[in-house]
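# A structural walkthrough
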Amino acid sequence: MMTKRDFMKHAARTLLLGGLSALAYRQATSKKLSDICTDKNGYCRKCPSLAFCGHPNALSFKETTK
């Protein structure tokens, strides 16, 4: 038979494991801005993420090509 103390310890461990798993999944699947997301000339012209990229180089490129 499980005591109240054992139940609380098990519940806390399960919640902690679930939270850590959710954070790891979020980190693994999030889109990351690369420090160097431009080609060798410094342009984002061929980047597939250009439309929604928030990197300063991409924002500058989009502003100049309007």
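Details of the structure are given in the entry above.
Quick look at the structure, then. Only a predicted model underlies this, so the values are computations on that prediction, with no experimental measurement involved.

Before going further, it helps to spend a moment on the environment of Ala 51. Mapped onto the secondary structure, Ala 51 falls in the loop between α1 (4–29) and α2 (56–64). Judged by relative accessible area, which is 72%, Ala 51 ranks as exposed. Spatially, the C-alpha atoms of Ala 51 and Lys 62 are 8.4 Å apart, while their sequence positions differ by 11 residues.

Let's shift gears to the nonpolar core. Note on soluble globular proteins: their nonpolar side chains tend to be buried together. Counting residues in each nonpolar core, the largest one holds five residues, listed as Cys 44, Leu 50, Cys 53, Ala 58 and Phe 61. What Ala 58 contacts, discounting residues up to four positions off in sequence, is Cys 44, Leu 50 and Cys 53.

There is a patch of nonpolar side chains on the surface, built from Met 2, Phe 7 and Met 8 and spanning about 340 Å² of accessible area. Turning to its location among the elements, Met 2 is positioned in the segment before α1. The exposure class assigned to Met 2 is exposed, which follows from its relative accessible area of 51%.

Looking now at the environment of Leu 59. Among the structural elements, Leu 59 can be located in helix α2. Classification of Leu 59 by relative accessible area gives partly exposed; the value is 44%. Along the chain, Leu 59 and Cys 44 lie 15 residues apart, while their C-alpha atoms are 9.4 Å from each other. In contact with Leu 59, other than residues within four places in its own chain, are Cys 53 and Gly 54.

Rules of the game
Residues numbered from 1 in each chain as written. Predicted model: local features only at pLDDT ≥ 70, side-chain atom pairs only at ≥ 80, totals over all residues. Heavy atoms only, no water. Helix = DSSP H or I, 4+ residues; strand = E, 2+ residues; numbered from the N terminus. Buried < 20%, exposed > 50% of the residue type's maximum accessible area, 1.4 Å probe, protein only. Core = buried A, V, L, I, M, F, W, Y, C linked by side-chain atoms within 4.5 Å. Contact = heavy atoms within 4.5 Å. Patch = residues over 30% accessible without salt bridge, like charges linked within 9 Å, V, L, I, M, F, W, Y side chains within 5 Å. Areas by Shrake-Rupley, 256 points an atom, 1.4 Å probe, with all protein chains shown as cover. Salt bridge = Lys/Arg side-chain N within 4 Å of Asp/Glu carboxyl O.

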